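This is what each chain is made of:
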Amino acid sequence: MEKKTEILENFKTAISSTVKSLSNSESVEVSFGDQKTQSQKNFIRLPELEKINDKINYNQVRAIADSESLRLRLSDKETLKLYEPKGNISKKLYKIAEKIRCEKIGSDHFKGVKSNIERFYQERVNSL
């Protein structure tokens, strides 16, 4: 049991380090599940790692961490707010377009990010 906990903690540490590197920010804080964060400004909340042998969950956490890191690195909140459209549906589509833009730029620059994001979306499509 202790070995499994150690593996999970090592994975969380690796994800946290990757987030800091990809986001180009040492101050970003990473939390898993309902874990409390100290900073309300610069943080990424990821899903809890449920099972040690659940490869899908690991892939999901990796892809979400990459996506959120790229958003922190490549997206400017002030610019987004300035051009944000009116209406609920328009705002949602605008946010989705920004997410895709950040993922595309990151995928072009980082092979591992591309692999993680492609695997995540392929698993989602396959599960439909």
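Fair warning: this is a prediction, and the values are worked out from it, not measured in the lab. (Residues numbered from 1 in each chain as written. Predicted model: local features only at pLDDT ≥ 70, side-chain atom pairs only at ≥ 80, totals over all residues. Heavy atoms only, no water.)

Draft legend 1. Main features of unusual backbone geometry. With a phi close to 60 degrees, Asn24 is a non-glycine residue in the positive phi region. Tracing the backbone through its elements, the reader meets Asn24 in the loop between α1 (2-23) and β1 (29-32). (Helix = DSSP H or I, 4+ residues; strand = E, 2+ residues; numbered from the N terminus.)

Draft legend 2. Looking closely at the pattern of salt bridges. Scanning the entire structure with this criterion turns up seven salt bridges. Across the pair Glu98 and Arg101 runs a salt bridge whose closest N-O atoms are separated by 2.9 Å. Taken together, the residues Glu98 and Arg101, both in helix α4 (residues 88-109) and three residues apart, mark about one turn of the helix. The buried category is assigned to Glu98, whose relative accessible area is 13%. The exposure class assigned to Arg101 is partly exposed, which follows from its relative accessible area of 35%. Glu103 is the partner of Lys99 in a salt bridge, and the nearest nitrogen-oxygen pair spans 2.7 Å. (Salt bridge = Lys/Arg side-chain N within 4 Å of Asp/Glu carboxyl O. Buried < 20%, exposed > 50% of the residue type's maximum accessible area, 1.4 Å probe, protein only.)

Draft legend 3. Here's a closer look at the nonpolar core. Core analysis: the biggest nonpolar cluster contains 13 residues, and Phe11, Ile15, Val19, Phe32, Leu46 and Val61 have the highest contact counts within it. Listed by contribution, the elements that provide at least two residues to this core are α1, β1, β2 (43-46) and α2 (55-74). Of the residues forming this core, the biggest block, four residues, is contributed by α1. Every residue in contact with Ile15, bar those within four places of it in the chain, is listed here: Phe32, Leu46, Val61, Arg62 and Ala65. If you look at the next biggest cluster of nonpolar residues, it comprises five residues, including Leu22, Leu70, Cys102 and Ile117. (Core = buried A, V, L, I, M, F, W, Y, C linked by side-chain atoms within 4.5 Å. Contact = heavy atoms within 4.5 Å.)

Draft legend 4. Representation of α4 in the model. Between its first and last C-alpha atoms α4 spans 32 Å; for 22 residues at 1.5 Å apiece the expected length is 32 Å, and the two agree. Among the residues of α4, those classed as buried are Glu98, Cys102, Glu103, Gly106 and Ser107. End-on view of α4: buried residues confined to an arc of 165 degrees, all on one side of the axis. Opposite its buried face, α4 presents the exposed residues Ile89, Leu93, Ile100 and Asp108, each directed more than 90 degrees away. (Expected span 1.5 Å × (residues − 1). Arc of directions from axis to C-beta.)

Draft legend 5. Representation of the packing of α4 against helix α5 (residues 111-126) within the structure. Here α4 crosses α5 at 130 degrees, and the two axes come no closer than 6 Å. For the element pair α4 / α5, the angle class is oblique. Between α4 and α5 the crossing geometry is left-handed. Between α4 and α5, the residues in contact are Lys99, Glu103, Gly106, Ser107 and His109 and Lys111, Val113, Lys114, Ile117 and Tyr121, respectively. (Axes fitted to C-alpha atoms, helices over the stretch in contact; angles between N-to-C directions. Parallel < 35°, antiparallel > 145°, perpendicular 65-115°, else oblique. Left-handed = near helix turned anticlockwise from the far one by under 90°.)

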